[in-house]
Amino acid sequence: MVRAAVQRVPSGPSPLFISPSLDATWFPCAAGAHGDSELLCMKAASMNAHQSLAIGQPIETLEAVSPAATEPDAMVRFEGISKTYPAYRGKPGVNALENIDFASPRGSITGVIGRSGAGKSSLVRLINGLEKPTTGRVIVDNRDISALAGRELRLAQRSIGMIFQHFNLLSSRTSADNIALPLEIAGWAKADIKARVTELLALVGIADKHDRYPSELSGGQKQRVGIARALATRPDVLLSDEATSALDPQTTRAILDLLANINRELGVTIVLITHEMSVVRQLAKEVVVLDAGHVVESGHVADIFTHPKHPITQSFLAEVIGDSLPVSLASRIVSEPSAGGQAVIRVQVRGAGAGDTVVARLARELGLDVSLLSARIDEIGGQHVGSLTLGIPGGEDAVTRTLAWLSQYQFSAESLGYVA
Ligand SMILES: Nc1ncnc2c1ncn2[C@@H]1O[C@H](COP(=O)(O)OP(=O)(O)OP(=O)(O)O)[C@@H](O)[C@H]1O
Ligand SMILES: [Mg+2]
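Residues numbered from 1 in each chain as written. Chains lettered and ligands numbered in written order. Predicted model: local features only at pLDDT ≥ 70, side-chain atom pairs only at ≥ 80, totals over all residues.

1. A look at the site of ligand 1
No. 1: What surrounds ligand 1 is a group of 15 residues, the closest being Y85, A96, S116, S121 and S122.
No. 2: Those elements that place two or more of their residues in the shell around ligand 1 are β5 (94–105) and α2 (120–127).
No. 3: Per-element accounting of the shell around ligand 1 gives the leading share, 3 residues, to α2.
No. 4: Here the shell around ligand 1 is composed, by residue class, of 5 nonpolar, 9 polar and 1 charged. (Near = placed C-beta within 6 Å. Helix = DSSP H or I, 4+ residues; strand = E, 2+ residues; numbered from the N terminus. Nonpolar A, V, L, I, M, F, W, Y, C, P; charged D, E, K, R; others polar.)

Listed below in structure tokens is the structure:
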């Protein structure tokens, strides 16, 4: 899976024998059999190795809106993209991506979310031209990157930074020297490199780690070096392939905050590849949901996750708001009503205050003594999204009346059974 162009780089300062094609995608290989020289590999970045809803307010059916249709100033645009890895040596070909159309607006943060094997890394490698599409075009900053080659491609790649799950720092170089590398490759003067590196170390909050080697840094600090390195040549686009997947939740939040600041302060367009809903929820304004090589939904985060249509999108949402009941409640639910018992109904709530409103109006309009058995509400893209589990006194009749009332106001609801 990993296509690697290996380049031997002698120890010591210069010259650096680095293939120009390594500009955007170099990372350190294990040395070992290759001798004691530091090795740089180009892995084609094949990192496999790794809705507001208030009661009485009608809900419009929201079609998945392609940002391309609404956002003329796209920084990254996929047009009719498919990617097939060809068959070779008896191994079958793989259709990794099919009919991909979406756009990332200039200055936006777009989250591309999907399960393992969905095609996320394949998609990101098309953005920096490491892979060519089988059909279609990838337009980056109004240039068809899929049509570029040689020097033109390498120059275009300088305006596209990338950060990786496993940081991909050179172990033999200090933080400062790791950050300096793309500037050396780009032919910057020494004094300019020094000033830029100092600036970048401060930007990512590790000015005091200037002389530290990767082995002396925490995961979060290593990723800060990775981010500084990716920003060194002042790219317009920053690609992040699972950049926080190896970090603990607190460090993940700090790195995502840093990326948000970079987007805000520098205006860099960010495309985030992730399998974690929490990453999309914290950072992205736009989202593309990928499943088995297809875009199943795309658009504004708040729109997509308040009206999730595709099962895969619903499953990502469930990760945040949860769809499991407290054990103590789940264990008491039975299929038949009992005298004096309650019907258990779960209601999906969307939009600020919707949760409070549904309980209050149910009680008032249906004269029901509603009890709240469990609730989970979160905020995604500035919208409240969650589910309430309600206890309604009575049997089947109460369930029928309640579900009809909820349905009238377009709430998605289901009967879970009864508790004594
Ligand atoms: N260079 C390659 N040659 C052949 N098949 C490949 C290659 N790279 C990826 N694939 C296949 O393409 C499909 C999509 O892989 P990709 O790495 O893009 O998925 P992913 O969404 O990034 O997965 P993960 O979350 O596990 O990183 C998979 O079936 C994978 O095996
Ligand atoms: Mg991947």
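2. Focus on the sheet that holds strand β8 (residues 143–144)
Where strands meet in a sheet, backbone hydrogen bonds hold them as pairs that are either parallel or antiparallel.
No. 1: Across the sheet, which stays open at both edges, the 4 strands sit in the order β5-β4-β7-β8 with antiparallel pairing between neighbours. What marks the edges here is a single partner per strand, and that holds for β5 and β8.
No. 2: When strand β4 (residues 74–85) meets strand β7 (residues 135–140), the two strands line up antiparallel, connected through 5 bridges. Bridge pairing in β7 links R77 to I139. (Pairing = 2+ DSSP bridges.)

3. A closer look at the sheet that holds strand β12 (residues 286–291)
No. 1: Here 6 strands make up an open sheet; going across it, the order is β9-β10-β11-β6-β12-β13 and the pairing mixed. Looking at the sheet topology across the chains shown, the edges are occupied by β9 (160–164) and β13 (294–300). Each adjacent strand pair in this sheet contributes to an overall mean axis angle of 15 degrees, direction not counted. (Axes fitted to C-alpha atoms, helices over the stretch in contact; angles between N-to-C directions.)

4. Some words on helix α4 (residues 175–185)
No. 1: When you tally the buried positions in α4, you get 8 out of 11 residues, the bulk of the element.
No. 2: Looking at α4, one finds that the buried residues are S175, N178, I179, A180, L181, P182, L183 and I185.
No. 3: Buried positions along α4 lie against α5 (190–203) and α6 (219–231).
No. 4: Just downstream of α4, G187 is the residue with a positive phi angle, here 80 degrees. (Buried ≥ 20, exposed ≤ 12 C-beta atoms within 10 Å, placed from the backbone. Contact = placed C-beta atoms within 7 Å.)

5. Digging into the environment of Q383
No. 1: Structurally, the position occupied by Q383 is in strand β16 (residues 383–393).
No. 2: Take Q383: there are 20 C-beta atoms within 10 Å of it, and that puts it in the buried class.
No. 3: Sequence spacing of Q383 and A302 is 81 residues, and the spatial spacing of their C-alpha atoms is 6.1 Å.

6. Some points on the pairing of strand β6 (residues 109–113)
No. 1: Among the 5 residues that make up β6, 5 are buried, leaving the element largely enclosed by the rest of the structure.
No. 2: Summarising the sheet, β6 and strand β11 (residues 269–274) pair through 5 bridges and their orientation is parallel. Note on β11: the bridge partner recorded for I109 is I270.
No. 3: As judged from the 4 bridges shared by β6 and β12, these two strands associate in the parallel manner. Bridging across to β12, T110 finds its partner in E286.

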